[in-house]
Amino acid sequence: MKKAILFLLLLATMPMQTTAQVNPQKGYVITNGNDTVHGTIDYLTDARNAKACLFQEKGEDGYKSLSPADSTAP
């Protein structure tokens, strides 16, 4: 009985992440040519946004994945 309670307690305290959530926020991207492109950024965790972010240019359909290595954004 104690093991079951301990297991349930551990299960309840484990962090659960949802990866399919969308958190759109107004923002902008600065290209390598110093152009500012306004649109919507899907804000995820800081660690994930540092590697790549989802950006939707104003007036466009769908998100594009942008990473720091992209030289021609968007």
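Residues numbered from 1 in each chain as written. Predicted model: local features only at pLDDT ≥ 70, side-chain atom pairs only at ≥ 80, totals over all residues. Heavy atoms only, no water.

Asker: Tell me about the sheet that holds strand 3 (residues 53-57), and name the residues and values.
Answerer: Ordered by their spatial adjacency, 4 strands build an open sheet running 1-2-3-4, and the pairing between neighbours is antiparallel. Two strands lie at the open edges of the sheet, namely strand 1 (24-30) and strand 4 (64-66), each paired on one side alone. Across the sheet, the mean angle from the axis of one strand to that of its neighbour is 45°, orientation sign disregarded. Note: strand 1 against strand 2 (residues 36-42), 7 bridges, orientation antiparallel. Directly across from Y28, in strand 2, lies its bridge partner H38. (Pairing = 2+ DSSP bridges. Helix = DSSP H or I, 4+ residues; strand = E, 2+ residues; numbered from the N terminus. Axes fitted to C-alpha atoms, helices over the stretch in contact; angles between N-to-C directions.)

Asker: How would you sum up the nonpolar core? Please name residues and give values.
Answerer: The nonpolar side chains of a soluble globular protein tend to be buried, and buried together. Residues V29, V37, I41, C53, F55 and L66 constitute the largest nonpolar core, which totals 6 residues. For this core, the secondary structure elements donating two or more residues are strand 2 and strand 3. (Core = buried A, V, L, I, M, F, W, Y, C linked by side-chain atoms within 4.5 Å. Buried < 20%, exposed > 50% of the residue type's maximum accessible area, 1.4 Å probe, protein only.)

Keep in mind that these numbers describe shape and distance, not what the molecule does.
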